[in-house]
Amino acid sequence: FALGAKSLSAALQAAARQGNASAAEMIFRKLAILGSSNLDCRNLLLLAFANAGSPLQASNCLEQLKADGLEPDRFSFRHVLRSCTEAGATRHAELWFNKMISAKAEVGSLEYNLILRACAKHGEGRRAIAWISRMAAASEDPDTFSFNAVLSAHAAEGNKESALHLLESMEDGLTGSLP
């Protein structure tokens, strides 16, 4: 009993949402044999790696996508960023964020917030401040998630003074005077 491309695509989507990277890879290989390994399928595979918190696999997948002549889109990069965030791989996330900018993919507050969440996981308050400042400089308004991530980064490193100053900045609605 052989599954067609449509059934395999549905199975790939289910595996991706569950973060079952090994199942997603197996299904993807079957789709590739059928000639159905388009960008949407690649993005589902990247989603599986993101949900599994596997930045190395996600990075390799995106590089292979480009080697196969496909152009990664915003979602391709976003899934790699998410995989880095889930693993707490801040520097790897920053690298991919910069590659996203170089590729001229659309970058918005969600992508900045993924970097900020990675900073929060590692208690990197100064790095989080640099990123929220970069976000504001790019005319992306920091939101509740942005400030929460920066506060979490400061809390994780025990920097109460900077966290207090950040809260004051939030009350004033200012991001230019961040610590």
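Preceding this paragraph is the structure being described.
A. Spotlight on the environment of His-92. Following the sequence through the fold, His-92 ends up in helix H6 (residues 90-102). Taking the C-alpha atoms as reference, His-92 lies 9.7 Å from Ala-118; in sequence the two are 26 residues apart. For His-92, the residues in contact, after removing those within four places along its chain, are Pro-55, Ser-59 and Cys-84.

B. Layout of helix H3 (residues 39-52). Its 14 residues place the ends of H3 20 Å apart at the C-alpha level, agreeing with the 20 Å of an ideal helix rising 1.5 Å per residue. Summarising burial for H3: ten of the 14 residues are buried, a large majority. Buried residues of H3: Cys-41, Arg-42, Asn-43, Leu-44, Leu-45, Leu-46, Leu-47, Ala-48, Phe-49 and Ala-50, and no others. Next to the buried residues of H3 lie helix H1 (5-18), helix H2 (21-33), helix H4 (55-67) and helix H5 (74-87). A side-chain oxygen of the first residue of H3 lies 3.1 Å from the backbone nitrogen of Asp-40; this N-cap is Asn-38.

C. Examining the packing of helix H7 (residues 109-122) against helix H9 (residues 144-157) more closely. The N-to-C vectors of H7 and H9 enclose an angle of 15°; their axes lie 8 Å apart at closest approach. Between H7 and H9, the angle is such that the two are roughly parallel. Judged by the sense of rotation from one axis to the other, the crossing of H7 with H9 is left-handed. Taking contact as the criterion, the partners of Asn-113, Leu-116, Arg-117, Cys-119 and Ala-120 in H7 are, on H9, Phe-145, Ser-146, Ala-149, Val-150, Ser-152, Ala-153 and Ala-156.

D. A look at the environment of Cys-84. Summarising the element assignment, Cys-84 is placed in helix H5. The residues touching Cys-84, leaving out its near neighbours within four places in the chain, are Pro-55, Ala-89, His-92, Ala-93 and Trp-96.

E. Quick look at unusual backbone geometry. In this structure, Lys-104 is a non-glycine residue whose phi angle is positive, near 60°. Secondary-structure assignment places Lys-104 in the loop between H6 and H7. Judged by its relative accessible area of 76%, Lys-104 falls in the exposed class.

Basis of the calculations
- Residues numbered from 1 in each chain as written.
- Predicted model: local features only at pLDDT ≥ 70, side-chain atom pairs only at ≥ 80, totals over all residues.
- Heavy atoms only, no water.
- Helix = DSSP H or I, 4+ residues; strand = E, 2+ residues; numbered from the N terminus.
- Contact = heavy atoms within 4.5 Å.
- Expected span 1.5 Å × (residues − 1).
- Buried < 20%, exposed > 50% of the residue type's maximum accessible area, 1.4 Å probe, protein only.
- Polar contact = N/O pair within 3.5 Å; in protein donor to acceptor, adjacent residues only side chain to side chain.
- Axes fitted to C-alpha atoms, helices over the stretch in contact; angles between N-to-C directions.
- Parallel < 35°, antiparallel > 145°, perpendicular 65-115°, else oblique.
- Left-handed = near helix turned anticlockwise from the far one by under 90°.

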